[in-house]
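Remarks on the overall topology
Residue-level listing of the chains:
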Amino acid sequence: MASSATPPQPSGSTNFIKQIIEADIASGKNNGRVATRFPPEPNGYLHIGHAKSICLNFGLAKEFGGACHLRFDDTDPAKESMEYVESIQQDVRWLGFDWQGRRFFASDYFEALYDFAVSLIRRGKAYVDHLSADEIRDYRGTLTAPGRNSPYRERSIEENMELFQRMRAGEFRDGECVLRAKIDMASPNIVLRDPTLYRIKHVHHYRTGGTWCIYPMYDFTHCLSDMMEGITHSICTLEFENNRALYDWVLGALETPCHPQQIEFARLNLSYTVLSKRKLIELVERGIVSGWDDPRMPTISGYRRRGYTPEALRSFCDRIGVARADSTVDIGLLEHCLREDLNKRAPRFMAVLQPLKVTLVNYPEGREEELEAVNNPEDPSMGSRRVPFSREIYIEREDFLEDPPRKFFRLAPGREVRLRYAYFIRCEEVVKDPTSGEVTELRCTYDPTTRGGDAPDGRRVQGTLHWVSAAHAAPAEVRLYDHLFMRENPGEVEEGRHFTDYVNPGSLKVLQGCRVEPSLANAAPGSHCQFERIGYFCADPKESRPGRPVFNRSATLKDTWAKIAKQVKGR
RNA sequence: UGGGGCGUCGUCAAGUGGUAAGACACAGGACUUUGGUUCCUGCACUCGGAGGUUCGAAUCCUCCCGCCCCAGCCA
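Quantities reported herein were computed from a predicted structural model and do not represent experimental measurements. Throughout this description, residue numbers start from 1 for each chain and increase along the sequence as written. The naming scheme follows written order: chains are lettered A onward, ligands numbered 1 onward. Side-chain atom pairs in this predicted model are given and counted only at pLDDT of 80 or more, local residue features only at pLDDT of at least 70, and totals for whole chains, interfaces and linings cover all residues. As a rule here, side-chain values come from all non-hydrogen atoms in the structure, and water together with hydrogens is ignored.

Brief notes about the domain arrangement of chain A
One widely used convention gives an interface's size as the accessible area the parts lose upon coming together. Using the following cut-off: Annotation comment: domain bounds sourced from an automatic or database domain assignment.
The domain boundaries assigned to chain A delineate domain 1 (33-270), domain 2 (277-347 + 477-569) and domain 3 (351-466). A straight line from the C-alpha centre of domain 1 to that of domain 3 covers 64 Å.

What follows is the structure in structure tokens.
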């Protein structure tokens, strides 16, 4: 079955960031050099919103002959761990990107950052504040009212130097004091009202252990990390727009030799799902999903397990574009990208999800034969395989209707259809359970002259059904996934409701007792395929076993009949 | 109602004073041994609204309206 290995290609389309970079190169800024970075905090798993950022940053570097760094923004020891670092690396690699050894950790800069903080104090631009967190909030003012200066704001440089050293030395408890930038408590931009630069946390850090008890804040760390790494374009999402003034202030105050440019773009929103880390954590912790890699999750690991390919995710990221307008992308586009990719590459198989037994009454008992089936009509180089056929087969329950509506092309009493790659069959008799009335078996005749699927007399049938030979088919478990939420925008919560109220109860349907053609019995975990007429599936990477395959539905095929059926029914 | 942003087809999104790309979705049709794929056709006389400048405005100006972000010792 198909596996993925195609490397990323430049996208060809344009966006405002490319235009900025092109202008910078044209003007000789940074000597024409381009360096970007993808800077996740290792406190959770990556989701498709991160994929947008990864494709953007690595894509830009590739397109302009630059480098893209992978940097872990690990300045909050309470939430971070190596487990997350590893999963993030795995996901970035799986997406097809290579940081070429340029992996950095903000925590590796703690000493340098400390020195920068000392330098700021020496310049009279930072001070140690003994106000409590509550007091600081109080002094900050509001959106419409200016803040007030802290009573500790005018401490001498010497005193601040000593105090900051003592902070580092562990002489204060958590929250007792902080280091603040001395900017402007009346600034209309609240970010600039003497922001906190360092806080005290007597907490073990997953990399630096107990070495530090003071940790730098994002705004202080990020710009300096970018600067030290020689990043030219520091691309982040829109909510950091107000922070840009502080980014520039820190680098300006320290008179750093270079000054990366922060550029913001709109984060991704996807219909029928949530993309905020907080909400994803809640889904995992409350057991609403089975974990970060539940195939319904919009995480990279969830999509991987669902059967999405890196190519499909990258194609999606290319197509959605990069702009500054808040937007919500139709999840249908993501599904389209997967189908587009898998249509070309996924080998086809026959699998019957809800079996209905069919006995071919005129087919000799005990006889078996093998029929040739094409592996992928889109790609002749993928060849063909042989599929066993016999007197008893299974077809899909929904491919038979005793009383078919208009435009139903499938099997019905007295009607003739084609079994794919096999024979025409005609339904002669319907066997029902005498008590429940449920159809338990169809007795059909087959036309031996139609072997392979064509009638020598030229007669046509309207429907072609997939099937498996009852004696040869392998049992399988199949998991059908649908949108995790019933609402297009589950983040928009009504009064008195919670976003989890909108979880789609039908987002997972587990089907036992499915029957798949024998060649699927030992499907390699993680491999992709198409079940003809049904959809694209992936052998579950974690739980599928040789002989006991488990398949996840990655996406349905377009179902024109479902649309028609709705219309027919509506009349 | 402080400051910073953003409003172009149902959804994304190009467009940068010269007369509205493309994609998804949707609707028709052709082909078809997957009601799949593919192919063809249609789908914004108008760019949040109102004025103004101009021979000419989605692009420039003015006012208005709507939405998003910021008051963590999170990132």
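Things to note about helix α3 (residues 82-95)
Cut-off, in case you're wondering: The way it works is that DSSP assigns letters per residue, a run of H or I at least four long becomes a helix, a run of E at least two long becomes a strand, and they are numbered from the N terminus. In this analysis, the expected span of each helix is defined as 1.5 Å times one less than the number of residues it contains. Burial classification: accessible surface area is computed with a 1.4 Å probe over protein chains only, and a residue below 20% of its type maximum counts as buried, one above 50% as exposed, and the rest as partly exposed. It only takes one pair of heavy atoms within 4.5 Å for two residues to be counted as in contact.
The first and last C-alpha atoms of α3 sit 20 Å apart over 14 residues, in line with the 20 Å expected at 1.5 Å per residue. By the burial criterion, the buried members of α3 are Tyr84, Val85, Ser87, Ile88, Gln89, Asp91, Val92 and Leu95. Packing partners of the buried residues in α3 comprise β1 (35-38), α2 (48-63), β2 (67-72), β3 (103-105), α10 (300-306) and α11 (310-320). Among the residues trailing α3, glycine 96 stands out with phi positive, at a value near 105 degrees.

Some words on the pairing of strand β22 (residues 508-516)
Let me state the cut-off plainly: Any two strands with at least two DSSP bridges between them are considered paired.
Examined bridge by bridge, strand β11 (residues 351-352) and β22 share two bridges and lie antiparallel to one another. The partner of valine 352 across the bridge, within β22, is arginine 515. Sheet topology places strand β21 (residues 474-481) next to β22; seven bridges connect them, and they run antiparallel. From the neighbouring strand, valine 478 faces β22, where its bridge partner is leucine 511.

Points about the sheet that holds strand β16 (residues 416-419)
Pairing in this open sheet of seven strands is mixed, and the strands run β19-β16-β17-β18-β12-β15-β20 from one edge to the other. In the strand order of this sheet, the two ends are held by β19 (464-465) and β20 (467-469), each with one partner. The sheet contact formed by strand β12 (residues 355-360) and strand β15 (residues 392-396) spans five bridges and is antiparallel. Bridge assignment links proline 355 to a residue of β15, and that residue is glutamate 396.

Some points on the environment of alanine 422
Residue position: alanine 422 is located in the loop between β16 and β17 (424-432). Sequence separation of alanine 422 and proline 448 is 26 residues, and the distance between their C-alpha atoms is 9.5 Å. If sequence neighbours within four positions are ignored, alanine 422 has contacts with Leu371, Phe389, Thr450, Arg451, Gly452, Gly453 and Trp467.

Overview of the packing of aromatic side chains
In plain terms, the rule: Two aromatic rings, drawn from Phe, Tyr or Trp (for Trp, its six-membered ring), form a pair once their centres lie within 6.5 Å of each other, and the interplanar angle then sorts them: stacked below 30 degrees, edge-to-face above 60, tilted otherwise. Only when the NZ atom of a Lys or the CZ atom of an Arg is both within 6 Å of the ring centre and within 35 degrees of the ring normal do we say a charge sits over the ring.
Applying the stated rule across the entire model yields 21 aromatic pairs. An angle of 65 degrees between the planes, with centres 5.6 Å apart, marks the rings of phenylalanine 408 and tryptophan 561 as edge-to-face. Pair noted here: phenylalanine 408 is in the loop between β15 and β16 and tryptophan 561 is in helix α13 (residues 560-570), with a separation of 153 residues, a long-range link. Owing to a relative accessible area of 19%, tryptophan 561 belongs among the buried residues under this scheme. Relative to phenylalanine 499, the ring of phenylalanine 485 has its centre 6.1 Å away and its plane inclined at 40 degrees; by these criteria the two rings are tilted. In this pair, phenylalanine 485 sits in the loop between β21 and β22 while phenylalanine 499 sits in the loop between β21 and β22, placing the two residues 14 residues apart along the sequence. By the burial criterion, phenylalanine 485 is buried, and phenylalanine 499 matches it. The aromatic ring of tyrosine 114 is capped on one face by arginine 168, whose charged end is 4.5 Å from the ring centroid. The ring of phenylalanine 499 carries lysine 279 above its face, with NZ or CZ at 5.7 Å from the centroid.

Points about the protein's contact with RNA strand B
Threshold: By convention in these notes, a residue is near a molecule or strand provided one of its non-hydrogen atoms lies within 4 Å of it. Within 3.5 Å is the distance limit for a polar contact, defined as a pair of N or O atoms, with the added protein rule that one can donate a hydrogen and the other accept it, and that residues adjacent in sequence qualify only through two side-chain atoms. Under the scheme applied here, ten amino acids are nonpolar (Ala, Val, Leu, Ile, Met, Phe, Trp, Tyr, Cys and Pro), four are charged (Asp, Glu, Lys and Arg), and all others, including Gly, are polar.
Residues in close proximity to RNA strand B total 69 residues, the closest being Thr75, Lys79, Arg348, Gly452 and Thr560. Backbone atoms, meaning sugar plus phosphate, form 65% of the atoms of RNA strand B positioned within 4 Å of the protein. At 2.9 Å, a side-chain N or O of glutamate 378 approaches a base nitrogen of RNA strand B. At a separation of 2.5 Å, a base nitrogen of RNA strand B approaches a polar side-chain atom of arginine 410. Of all the secondary structure elements, the ones that give two or more residues to the surface near RNA strand B are α5 (133-139), β6 (196-200), α11, α12 (331-345) and α13. Residue composition of the surface near RNA strand B, grouped by class: 23 nonpolar, 20 polar and 26 charged.

So, the side chain of serine 87
Following the sequence through the fold, serine 87 ends up in helix α3. Since its relative accessible area comes to 7%, serine 87 is described here as buried.

Some points on helix α6 (residues 157-168)
Working note: α-helix, 3.6 residues per turn, so residues spaced by three or four point in the same direction. The end-to-end C-alpha distance of α6 is 17 Å, a good match for the 16 Å that twelve residues give at a rise of 1.5 Å each. Looking at the buried residues of α6, the elements they touch are α4 (110-122), β4 (126-129), β5 (178-181), β6 and β7 (214-216). One or two steps after α6, the chain reaches glycine 170, where phi turns positive at roughly 85 degrees.

What to know about the sheet that holds β7
Condition: Axis definition: a line fitted to C-alpha atoms, over the contacting stretch in the case of helices. Angles run 0 to 180 degrees between N-to-C directions.
The four strands lie next to each other as β4-β5-β6-β7, forming an open sheet whose pairing is antiparallel. A single partner strand is all that each edge strand has here, and the edge strands are β4 and β7. The sheet shows a mean angle of 20 degrees between the axes of neighbouring strands, taken without regard to direction. For β5 and β6, the ladder comprises two bridges, and the chain directions are antiparallel. Each bridged residue has a counterpart across the sheet, and for leucine 179 the counterpart in β6 is tyrosine 198. Helix-sheet contacts for α4 involve β4, β5, β6 and β7, and the interaxial angle to β6 is about 120 degrees.

Concerning the pairing of β4
Side-chain direction in a regular strand flips from residue to residue, so the side chains alternate between the two faces of the sheet. On β4, burial covers both faces: Ala126 and Val128 on one face and Tyr127 and Asp129 on the other are all buried. In this structure, β4 lies alongside β5, joined through four bridges in antiparallel fashion. By the bridge assignment, valine 128 is partnered in β5 with leucine 179.

Overview of the pattern of salt bridges
To keep it simple, the criterion reads: When a carboxyl oxygen of Asp or Glu lies within 4 Å of a side-chain nitrogen of Lys or Arg, that pair is called a salt bridge.
In total, this model carries 54 salt bridges according to the counting rule given. One salt bridge connects arginine 155 with glutamate 159, and the closest N-O pair in it is separated by 3.8 Å. Exposure remark for glutamate 159: the relative accessible area of 33% places this residue in the partly exposed category. Notably, a salt bridge pairs arginine 244 with glutamate 264, separated by 2.6 Å at the nearest N-O pair. Of this pair, arginine 244 sits in helix α8 (residues 244-253) while glutamate 264 sits in strand β9 (residues 261-265), placing them 20 residues apart in sequence. Accessibility expressed as a relative area gives 32% for arginine 244, which makes it partly exposed. Linked through salt bridges whose partners overlap, the residues forming this network are Asp293, Arg305, Glu477, Arg479, Asp540, Lys542 and Glu543.

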